[in-house]
Amino acid sequence: MKALRFYAPEDVRLEEVEEPTCGPGEVKLRVKNCSTCGTDVKIFHNGHQNLTPPRTIGHEIAGEVVEVGADVNATYGSEWKVGDRAQVIAAVPCGECHECRKGWMAVCQNQTSVGYQYDGGFAEYMIVPQQVLKVDGLNRIPDNVGYDEASAAEPFACAINAQELLGIEPGDTVVVFGAGPIGCMHIRIARGVHEAGPVYLVDVNAERLKMSADAVQPDETIDGSQVDVVERVMELTDGRGADVIITATAANVTQEQAIAMAARNGRISFFGGLPKNDPTITCDSNVVHYRQLHIHGANGSAPEHNKRALEYISTGQVPVKDLITRHIPLDDVMDAFSIVKNGEAIKVTVEP
Ligand SMILES: [Zn+2]
Ligand SMILES: [Zn+2]
């Protein structure tokens with residue numbers, strides 16, 4: 001079968017590999033969709049400390065069950081059978097550490113990841129490892145949800161995890177930095193689940209801003225390359241500032257702007273990580289202190305967030321279909337990376 005294998009930074013090859021075999025405690029999928037995100041581009045260029053090469057990458061996965069290991073259903077109390085439609089979690093908690101026992105599975109200290117320690121979804125077939133099944137990380141796709149939509153449940157789950165910490169109340173003003181697919185999902189969740197009030201979308205790429213705004217219709221877009229973002233948000237909120245700010249970008253300055261534009265009792269999610277070699281920002285601690293700001297991190301998602309994402313897609317509360325603007329065959333997977341890198345599509349999905 002064909003698979004996209006990572007060997008080293010800048011050395012990623014679409015090659016012929018042996019079709020994987022399914023062990024007694026595993027499930028084998030025929031991959032239908034594996035979507036791409038900025039992380040794939042990062043891996044392509046820089047690798048990742050947890051990624052052991054050579055490795056089939058791809059972590060936003062949906063597929064059809066083609067084989068169920070003999071012990072699976074008895075071990076996990078599941079009812080998987082050939083032909084079932086399934087979505088796979090990407091961040092895999094251990095289920096046993098202090099954090100997992102507390103129910104904080106997104107910050108499991110022994111977290112592993114599909115496409116890093118286990119072969120991922122840019123391939124015709126993949127094995128769902130025991131570690132995923134053990135934490136109930138293989139999810140049934142509702143009948144009215146397409147494989148392409150289901151593959152977007154993983155990034156969607158990360159956004160749910162972040163927003164859960166923000167206590168968004170009906171009517172809250174929300175600013176989202178980053179007009180990528182995840183920024184779009186953040187806007188839809190803030191409105192569809194939390195009944196947010198005015199939502200403002202910020203980016204420095206005018207084309208991407210327009211493309212995403214056409215899809216999710218924020219109340220206003222702010223082009224950070226043209227205007228002073230903090231000043232504009234202050235104007236839009238009559239000087240009060242934004243109740244909730246989510247930085248879905250890797251740009252340090254957006255975190256500083258988030259603090260500067262936060263309203264009293266404002267909640268901030270540092271959703272996107274910063275570059276490894278430049279992870280610091282300048283923070284006026286007195287602003288945080290006197291304005292009673294709440295600054296939250298966000299690290300992936302827990303299995304339960306993936307289930308909820310599928311449910312929100314199924315009920316129509318948070319649609320994702322129109323955010324998937326490019327479908328690409330596995331043979332052209334390399335093109336997907338450049339499309340993502342250049343921001344030419346909202347979400348690109350690969351169909352092996
Ligand atoms: Zn991703
Ligand atoms: Zn754990």
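Residues numbered from 1 in each chain as written. Chains lettered and ligands numbered in written order. Predicted model: local features only at pLDDT ≥ 70, side-chain atom pairs only at ≥ 80, totals over all residues. Heavy atoms only, no water.

In the nomenclature of an unreviewed UniProt entry, the protein corresponds to Alcohol dehydrogenase catalytic domain-containing protein from the organism Nocardioides flavescens. Under the UniProt heading Cofactor (unreviewed entry), the entry covering the protein gives this text: "Zn(2+)". Looking at the protein in UniProt, the text filed under Sequence similarities (unreviewed entry) is "Belongs to the zinc-containing alcohol dehydrogenase family." (UniProt positions renumbered as here; feature names shortened; annotations may be inferred.)

Peer 1: Describe the UniProt feature "domain: Enoyl reductase (ER)" (unreviewed entry) in the protein, and please don't skip the residues or the numbers.
Peer 2: As recorded in UniProt, the sites labelled "domain: Enoyl reductase (ER)" (unreviewed entry) are residues 7-350. Taken end to end, residues 7-350 is 32% helix and 24% strand, and its first and last C-alpha atoms sit 20 Å apart. (Helix = DSSP H or I, 4+ residues; strand = E, 2+ residues; numbered from the N terminus.)

Peer 1: Kindly report on the sheet that holds strand 2 (residues 11-16), identifying the contributing residues and their values.
Peer 2: Reading across the sheet, the 3 strands line up as 2-1-4 and stay open at both edges, with antiparallel pairing between neighbours. On the outer flanks of this sheet lie strand 2 and strand 4 (55-56), each paired with one strand and no other. Seen against the sheet, helix 13 (residues 333-341) touches strand 1 (2-8) and strand 2 and runs at an angle of roughly 150° to strand 2. (Pairing = 2+ DSSP bridges. Contact = heavy atoms within 4.5 Å. Axes fitted to C-alpha atoms, helices over the stretch in contact; angles between N-to-C directions.)

Peer 1: With reference to specific residues and values, describe the layout of surface pockets.
Peer 2: There is about 270 Å³ of room inside the second largest pocket. In terms of lining, the second largest pocket is formed by 17 residues, of which the most central are Gly-103, Trp-104, Met-105, Ala-106 and Asn-161. Within the residue set of the lining of the second largest pocket, elements represented by two or more residues are helix 6 (153-164) and helix 12 (303-315). Among the elements that line the lining of the second largest pocket, the one with the most residues is helix 12, at 4 residues. Classifying every residue of the lining of the second largest pocket by side-chain character gives 9 nonpolar, 4 polar and 4 charged. (1 Å grid on protein atoms, 1.4 Å probe; cavity = no way out; pocket = protein on both sides within 12 Å on 5 of 7 lines; lining within 4 Å. Points joined across faces, edges and corners; volume = space filled by probe spheres on them. Nonpolar A, V, L, I, M, F, W, Y, C, P; charged D, E, K, R; others polar.)

Peer 1: Can you explain unusual backbone geometry? Please cite residues and give values.
Peer 2: The amide bond that connects Pro-53 to the next residue, Pro-54, takes the cis arrangement and shows omega of -10°. The backbone of Glu-10 shows a phi angle near 70°, a positive value even though the residue is not glycine.

Peer 1: Could you give me a rundown of the coordination of the zinc ion (ligand 1), with the residues and numbers involved?
Peer 2: Summarising the metal site, the zinc ion (ligand 1) is bound by the protein donors Cys-37 (SG), His-59 (NE2) and Glu-60 (OE), whose distances to it range over 2.1 to 2.2 Å. For the zinc ion (ligand 1), the single-chain donor residues occur in sequence as C-x21-H-E. Taken together, the residues Cys-37 in the loop between strand 3 (27-35) and helix 1 (38-46) and Glu-60 in strand 5 (residues 60-68) connect sequence positions 23 residues apart. The same class applies to Cys-37 and to Glu-60, which are both buried. (Donors = N, O, S within 2.8 Å, 3.2 Å for Na, K, Ca; no water. Buried < 20%, exposed > 50% of the residue type's maximum accessible area, 1.4 Å probe, protein only.)

Peer 1: So what's going on with helix 7 (residues 181-192)? Residues and values would help.
Peer 2: Helix length check: helix 7, at 12 residues, gives a terminal C-alpha distance of 16 Å against a target of 16 Å (1.5 Å per residue), a fit within 8%. In terms of residue burial, helix 7 counts as a mostly covered element, since 10 of its 12 residues are buried. For helix 7, the set of buried residues is Pro-181, Ile-182, Gly-183, Cys-184, Met-185, His-186, Ile-187, Arg-188, Ile-189 and Ala-190. Elements that come into contact with the buried residues of helix 7 comprise helix 6, strand 11 (174-177), strand 12 (199-203), helix 8 (206-216), strand 14 (242-247) and strand 18 (347-351). (Expected span 1.5 Å × (residues − 1).)

Peer 1: A description of the packing of helix 6 against helix 7 should follow, citing residues and the corresponding values.
Peer 2: For the pair helix 6 and helix 7, the least separation of the axes is 9 Å and the interaxial angle reads 55°. One finds that helix 6 runs oblique with respect to helix 7. When the axes of helix 6 and helix 7 are compared, the crossing they make is right-handed. Of the residues in helix 7, those in contact with Pro-155, Phe-156, Ala-159, Ile-160, Ala-162 and Gln-163 of helix 6 are Ile-182, Met-185, His-186, Ile-189 and Ala-190. Looking at the contact of helix 6 with helix 7 residue by residue, the classes come out as 9 nonpolar, 2 polar and no charged. (Parallel < 35°, antiparallel > 145°, perpendicular 65-115°, else oblique. Left-handed = near helix turned anticlockwise from the far one by under 90°.)

Peer 1: An account of the packing of aromatic side chains is requested, with residue identities and associated values reported.
Peer 2: Summed over the entire model, instances satisfying the criterion amount to 3 aromatic pairs. With centroids separated by 5.2 Å and ring planes inclined at 45°, the aromatic side chains of Phe-44 and Phe-337 adopt a geometry described as tilted. With Phe-44 in helix 1 and Phe-337 in helix 13, this pair connects stretches of sequence that are 293 residues apart. The class of Phe-44 is buried, set by a relative accessible area of 15%. Residue Phe-337 is classed as buried on the basis of its relative accessible area of 7%. An aromatic cluster is built from Phe-44, Phe-122 and Phe-337, whose rings are joined through pairwise contacts. (Phe/Tyr/Trp six-rings, centres within 6.5 Å; stacked < 30°, edge-to-face > 60°.)

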